[in-house]
Amino acid sequence: VWSLVELMSGRYLDKGPWGETVASRKGLEGKELAGGWRAVLCAHRGDEKYLAKAYHIGVSWLSQQVCWTCKASRMSTSSLLYTHFGPNAQHRTTFLTTSDFIQLCKPNPWVRLPGWHVDVMTYDLLHVFDLTLVPDAAASVS
């Protein structure tokens, strides 16, 4: 994440990721990096387990709130029950804002990236379809 901050700012940082002086960068502090080019984070992709670890999220299929992008619930008495589906499902109206998400997760460097937004988080489709949905659907076929 520290390297991304440096690339996104377009300048060498004066301290390392743990606040130490980096000997190999002595004299480069604040100078332009990569010929004026800057990095832009457009997606942070991973499976649920990786994203939960990276963002220190306490929400999982075992908690009352099962989704970290909305307020879907696993409680059968909830109007936000995750098994309610379709365009009019109640939980579809509860998508979290960036500040809501930051409050949901524990402090971490990812949400401190310049311009970070909750929409950059995306699931790796290989894991979503091939490793979860396809086996379940195949097992359901008689």
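The structure this text deals with has already been given above.
Being a predicted model, the structure only gives us computed values, none of them experimental.

**Details of the overall build of the protein**
Then step 1. Each helix and strand counted, the protein has four helices and two strands in total.
Then step 2. Referenced to the eigenvectors of the C-alpha coordinate spread, the extents of the protein come out at roughly 65 × 30 × 25 Å.
Then step 3. Burial statistics for the protein: of 142 residues in total, 28% are counted as buried.
Then step 4. In the protein, 45% of the contacts between residues at least 6 apart in sequence involve partners at least 24 apart.
Then step 5. Summing over all exposed atoms, the protein offers an accessible surface of approximately 9800 Å²; the carbon and sulfur share of this is 59%.
Then step 6. Averaged over its 14 positive side-chain charges, the protein has a centre that lies 5 Å from the centre of its 12 negative ones.

**Considering empty space enclosed by the protein**
Then step 1. A complete count under the given rule lists one cavity of 30 Å³ or more for this structure.
Then step 2. Here the largest cavity defines a volume of roughly 40 Å³.
Then step 3. Taken together, L13, D14, K15, T21, V22, R25, K26 and E29 form the lining of the largest cavity.
Then step 4. Across the lining of the largest cavity, the residue classes break down as two nonpolar, one polar and five charged.

**Digging into the packing of aromatic side chains**
Then step 1. Tallied over the full model, the rule gives five aromatic pairs.
Then step 2. Each member of the aromatic cluster is reached from another via a ring pair, and the members are Y55, F101, W110 and W116.

**Thoughts on helix α2 (residues 48-55)**
Then step 1. Taken residue by residue, α2 has L51, A52, A54 and Y55 as its buried positions. All buried residues of α2 project into a common sector of 165° when viewed along the axis, lining one side. Facing away from the buried side of α2 by more than 90 degrees, the exposed set consists of K49 and K53.
Then step 2. Looking at the buried side of α2, the elements it contacts are β1 (44-46), α3 (98-104) and β2 (121-123).

**A closer look at the nonpolar core**
Then step 1. Counting residues in each nonpolar core, the largest one holds 17 residues, and the members touching the most others are Y55, I57, W68, F101, V111, W116 and M121.
Then step 2. Counting residues per element, this core draws most heavily on α2, which supplies four residues.
Then step 3. Setting aside chain neighbours within four positions, we find M121 in contact with H44, L51, Y55, I57, W68, F101 and W116.

The rules behind each value
Residues numbered from 1 in each chain as written. Predicted model: local features only at pLDDT ≥ 70, side-chain atom pairs only at ≥ 80, totals over all residues. Heavy atoms only, no water. Helix = DSSP H or I, 4+ residues; strand = E, 2+ residues; numbered from the N terminus. Buried < 20%, exposed > 50% of the residue type's maximum accessible area, 1.4 Å probe, protein only. Contact = heavy atoms within 4.5 Å. Areas by Shrake-Rupley, 256 points an atom, 1.4 Å probe, with all protein chains shown as cover. Lys, Arg positive; Asp, Glu negative; His and termini not counted. Charge placed at Lys NZ, Arg CZ, Asp CG, Glu CD. 1 Å grid on protein atoms, 1.4 Å probe; cavity = no way out; pocket = protein on both sides within 12 Å on 5 of 7 lines; lining within 4 Å. Points joined across faces, edges and corners; volume = space filled by probe spheres on them. Nonpolar A, V, L, I, M, F, W, Y, C, P; charged D, E, K, R; others polar. Phe/Tyr/Trp six-rings, centres within 6.5 Å; stacked < 30°, edge-to-face > 60°. Arc of directions from axis to C-beta. Core = buried A, V, L, I, M, F, W, Y, C linked by side-chain atoms within 4.5 Å.

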